[in-house]
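# Close look at the chain arrangement
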Amino acid sequence: MKKMMLLAMLGVMFLTETTIATEMKSAMNASSAVWIKLEVIFHRPKFNCESGFSICLIVTAGIDGPGVSAEGKSCSVRGALNERNQLIIEIDEVALSKYENGAAIRYFKDKTSIAIPDPYILPEATCRALGSATPLAIKQGNYPVSFNNGVYKVVFQL
């Protein structure tokens, strides 16, 4: 009888511990997003990425920090695709102010959103580098911009 009571109590304790363990949440805010380096041209795809303001992406591999390409024709940013199907782009303010002599910074500085006038389908290589097996597109619309510690952050709902 004592053995049966002991086994029953142990069973209840193990089940209770399992229930408690499944309800606990990690104290760390871990993200499954993989950050990659992207080269961005802040012009409209409609105008062959040569004028107007929008987003044209060129994927590059590597862990180099943000900056401006050697030719000054693109701006290096960090990009990641999160679990909510959002493309997050982080743009260093110094790199943005150097890109095309600071022409694009006026679209970010003291703003809460940016307007993307044309949809843009990300290149297949960019989608793969971000970890997506399906095509991704930035839709036409307004997207939130935040600024913290010298970095602009834009979140695109795909």
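Residues numbered from 1 in each chain as written. Predicted model: local features only at pLDDT ≥ 70, side-chain atom pairs only at ≥ 80, totals over all residues. Heavy atoms only, no water.

### Comments concerning the packing of aromatic side chains
Each aromatic ring pair is described using two quantities: the centre-to-centre distance and the angle formed by the ring planes. Throughout the structure, instances matching the rule amount to eight aromatic pairs. Ring centres 5.5 Å apart and planes at 75° place the aromatic pair F42 and F108 in the edge-to-face group. On the criterion of sequence distance, the pair formed by F42 in the loop between β1 (36–41) and β2 (56–59) and F108 in the loop between α2 (93–98) and β6 (113–116) is long-range, its members being 66 residues apart. Between Y143 and F156, the aromatic rings sit 4.9 Å apart at their centres with planes inclined by 55°, giving tilted as the arrangement. Separated by 13 residues along the polypeptide, Y143 in strand β9 (residues 141–148) and F156 in strand β10 (residues 151–157) bring together distant segments of the chain. Comparing Y143 with F156 shows no difference in burial state: the two are buried. Cluster of aromatic residues (ring-pair linked, three or more members): F42, F53, Y99, Y107, F108, F147 and Y152. Just above the ring of W35 sits the side chain of R78; from NZ or CZ to the centre is 4.1 Å. (Phe/Tyr/Trp six-rings, centres within 6.5 Å; stacked < 30°, edge-to-face > 60°. Helix = DSSP H or I, 4+ residues; strand = E, 2+ residues; numbered from the N terminus. Buried < 20%, exposed > 50% of the residue type's maximum accessible area, 1.4 Å probe, protein only. Lys NZ or Arg CZ within 6 Å of the ring centre and 35° of its normal.)

### Here's the deal with the pairing of β10
Of the two faces of β10, only the one carrying Y152, V154 and F156 is buried; V151, K153, V155 and Q157 on the other face are not. With four bridges joining them, β9 and β10 adopt antiparallel strand pairing. Counterpart to S146 in the pairing with β10 is K153. Counting the residues in the hairpin turn of β9 and β10 gives two residues, including N149, whose phi is positive at 50°. (Pairing = 2+ DSSP bridges.)

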